[in-house]
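Geometric and topological summary
The lines below spell out each chain.
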Amino acid sequence: MAMTSAVDPTTPLYLGLMSGTSADGIDAALVQFPAEGGCRFVDGLTHAWDPAIRAELIALGEGGTITSLDALGRLDAQVGITFAAAANRLLDSARIDRGQVHAIGSHGQTVRHRPLNDPAFTMQIGDANRIAELTGITTVADFRRRDVAAGGHGAPLMPAFHLAMLGDSDEDRAVLNLGGIGNLTLIPRQGTPRGFDTGPANALMDAWCQRHRGEPFDADGAFAASGQVDAALLARWLADPWFALPPPKSTGREQFHLDWAQAQLGEGQVSGADVQATLLELTAATVADALLAHLPGATRVLVCGGGVRNPQLLRRLGARLPGVVIESSAAHGLDPDYLEAMGFAWLAQRTLAGLPGNLPSVSGAQGPRILGAIHLG
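**Thoughts on the side chain of Thr138**
Relative to the assigned elements, Thr138 resides in the loop between helix H3 (128–135) and strand E7 (139–141). In this structure Thr138 comes out as buried when scored by relative accessible area, which is 17%. A polar contact is formed between the side chain of Thr138 and the backbone nitrogen of Gly377, at a distance of 3.0 Å. Discounting residues that sit within four places of it in the chain, Thr138 has contacts with His102, Ala103, Ile104, Ile374, His375, Leu376 and Gly377.

Given below as structure tokens:
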């Protein structure tokens with residue numbers, strides 16, 4: 001249940017749109033940023049993808065090819081239209097007049113992310129012109145490519161938002177987003193904040209569950225809990241050189257997909273439930289290893305994203321991080337289901353104010369940059 005609150009008529013409204021690696025829906029969040037700081041969540045919803053569009057997006061994200069420029073142009077337009085539909089549906093549901101919304105921040109849908117190529121690039125589709133046209137609201141989009149042009153990974157972008165909203169001078173803490181890919185924001189009491197992707201999270205578990213159970217996700221981690229971790233399989237997955245790379249680093253479906261996972265299954269028989277349990281343990285292990293390596297003094301981890309609703313995953317993470325408080329971002333006033341969408345609303349506000357939205361210590365960019373392109377409503 002979303003943590004809704006009343007609209008403050010004296011504070012501008014912003015709307016954030018986010019669809020992540022799992023492509024399991026477009027999260028739309030309506031928020032306000034009070035002058036005294038913080039983020040007031042007004043309302044939110046998740047808008048489902050058309051199954052055919054979702055299948056195309058997942059195939060592209062996993063490194064698939066597209067047949068022609070015409071096909072790419074069509075998909076870009078369709079994704080933009082769907083993002084606009086999500087925004088309009090939220091505004092209608094919340095009974096908010098479009099004239100009250102100062103701007104929309106749209107992440108788009110990542111279909112290719114190559115931060116280590118020469119030249120590096122990242123591509124998010126979802127025509128923001130369509131969003132501005134169909135909503136009548138100024139839309140800020142294409143946030144990642146400026147950071148890449150400045151030598152960064154263009155990801156993760158949420159650490160700047162996490163730092164602004166969840167930083168604390170009394171403890172070393174981390175914010176963990178368990179979306180399709182896991183990523184950590186490290187916020188020490190003193191020193192420089194950092195952030196990076198940790199590896200696969202829901203995307204692989206969801207895909208395996210869909211293939212073996214016909215279900216889009218493993219509700220409450222029950223499928224994983226019915227199996228046993230295969231230590232040898234886990235070790236083979238953890239031997240992937242990507243996990244040993246130092247930050248800054250980012251990844252996506254093009255690196256971690258079902259073909260990648262199945263290539264290490266070997267000749268022995270591993271049950272579907274055991275593979276699911278081992279995929280879950282892979283997520284817990286890579287998150288815990290990264291935290292212990294880069295912020296060993298952390299005493300609290302604030303969790304957001306779909307994984308916050310997987311108690312088996314949180315239990316395994318807790319087992320690998322004894323003494324660390326692991327809790328939902330809801331305990332600190334930020335709805336875990338919509339935190340990323342809220343973050344892109346915040347980035348839109350930053351862009352329109354002429355303020356940088358990246359953290360060079362996170363992405364590796366040459367310096368702070370104003371992110372995104374503005375499409376007037």
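So that's the structure; there's more coming.
**Remarks on the environment of Gln109**
Its location among the elements puts Gln109 in strand E5 (residues 109–114). Given the relative accessible area of 2%, Gln109 is considered buried. For the pair Gln109 and Arg315, spaced 206 residues apart in sequence, the C-alpha separation works out to 31 Å. Beyond its immediate chain neighbours, meaning those up to four positions away, Gln109 contacts Ser19, Gly20, Ala23, Trp49, Leu57, Val79, Phe83, Met123, Gln124 and Ile125. Of note is the side chain of Gln109, whose polar atom sits 2.4 Å from the side chain of Ser19.

**Regarding the nonpolar core**
Ranked by internal contacts, the top residues of the largest apolar core, which has 62 residues, are Leu15, Leu17, Leu30, Val31, Phe33, Phe161 and Met342. Apart from the residues lying within four places of it in its own chain, the contact partners of Met342 are Ala29, Val31, Phe33, Cys39, Phe41, Phe161, Leu334 and Asp335. In this structure, Leu186, Met205, Leu258 and Ala298 belong to the second largest nonpolar core, which totals 42 residues.

**A short note on the packing of aromatic side chains**
Using the criterion set out here, one finds 10 aromatic pairs in the structure. Plain terms: the ring middles of Trp49 and Phe83 are 5.8 Å apart, the flat faces sit at 65° to each other, and that makes the pair edge-to-face. Here Trp49 is found in the loop between strand E3 (40–47) and helix H1 (51–61), whereas its partner Phe83 is found in helix H2 (residues 69–94), with 34 residues between them in sequence. The residues Trp49 and Phe83 share a single accessibility class, namely buried. Both rings, one in Phe243 and one in Phe256, keep their centres 5.3 Å apart while their planes meet at 25°; by these two values the pair is stacked. Here Phe243 is found in the loop between helix H8 (231–238) and helix H9 (258–262), whereas its partner Phe256 is found in the loop between H8 and H9, with 13 residues between them in sequence. Among the aromatic side chains, those forming a connected cluster through ring pairs are Trp237, Trp242, Phe243, Phe256 and Trp260. It is Arg213 that lies over the ring of Phe223; its NZ or CZ is 4.6 Å from the centre. Looking at Lys249, its charged tip hangs above the ring of Trp242, at a distance of 4.1 Å from the centre.

**A word on the pairing of strand E2 (residues 26–32)**
Counting buried residues in E2 gives 7 out of 7 residues, a clear majority hidden from the surface. The alternating pattern of E2 places Ile26, Ala28, Leu30 and Gln32 on one face and Asp27, Ala29 and Val31 on the opposite face, and all of these are buried. Of the pairings in the sheet, the one linking strand E1 (residues 13–18) to E2 comprises 6 bridges and is antiparallel in character. What sits directly across from Leu15, in E2, is Leu30. Sheet topology note: the E2/E3 ladder contains 7 bridges and is antiparallel. Opposite Val31, over in E3, you have Phe41 as the bridge partner.

**Regarding helix H6 (residues 202–213)**
When the terminal C-alpha atoms of H6 are compared, their 15 Å separation across 12 residues agrees well with the 16 Å that a helix rising 1.5 Å per residue should span. Of all the positions in H6, only Asn202, Ala203, Leu204, Met205, Asp206, Trp208 and Cys209 are classed as buried. The elements touched by buried residues of H6 are strand E8 (173–178), strand E10 (194–200), helix H7 (222–225), H9, helix H10 (272–294) and helix H11 (311–320).

**Re H8**
Within H8, the full set of buried residues consists of Leu233, Leu234 and Trp237. Considered in projection along H8, the buried side chains sweep an arc of 100° and stay on one side of the axis. Capping the start of H8, Asp230 holds a side-chain oxygen 3.2 Å from the backbone nitrogen of Ala232, two or three residues further along.

**Points about the packing of H1 against H2**
For the pair H1 and H2, the least separation of the axes is 11 Å and the interaxial angle reads 120°. In terms of orientation, H1 and H2 fall into the oblique class. When the axes of H1 and H2 are compared, the crossing they make is left-handed. Note on element contacts: H2 touches H1 through Arg74, Leu75, Gln78, Val79 and Thr82, opposite Ile53, Glu56, Leu57 and Leu60.

Thresholds, definitions, all that
Residues numbered from 1 in each chain as written. Predicted model: local features only at pLDDT ≥ 70, side-chain atom pairs only at ≥ 80, totals over all residues. Heavy atoms only, no water. Helix = DSSP H or I, 4+ residues; strand = E, 2+ residues; numbered from the N terminus. Buried < 20%, exposed > 50% of the residue type's maximum accessible area, 1.4 Å probe, protein only. Polar contact = N/O pair within 3.5 Å; in protein donor to acceptor, adjacent residues only side chain to side chain. Contact = heavy atoms within 4.5 Å. Core = buried A, V, L, I, M, F, W, Y, C linked by side-chain atoms within 4.5 Å. Phe/Tyr/Trp six-rings, centres within 6.5 Å; stacked < 30°, edge-to-face > 60°. Lys NZ or Arg CZ within 6 Å of the ring centre and 35° of its normal. Pairing = 2+ DSSP bridges. Expected span 1.5 Å × (residues − 1). Arc of directions from axis to C-beta. Axes fitted to C-alpha atoms, helices over the stretch in contact; angles between N-to-C directions. Parallel < 35°, antiparallel > 145°, perpendicular 65-115°, else oblique. Left-handed = near helix turned anticlockwise from the far one by under 90°.

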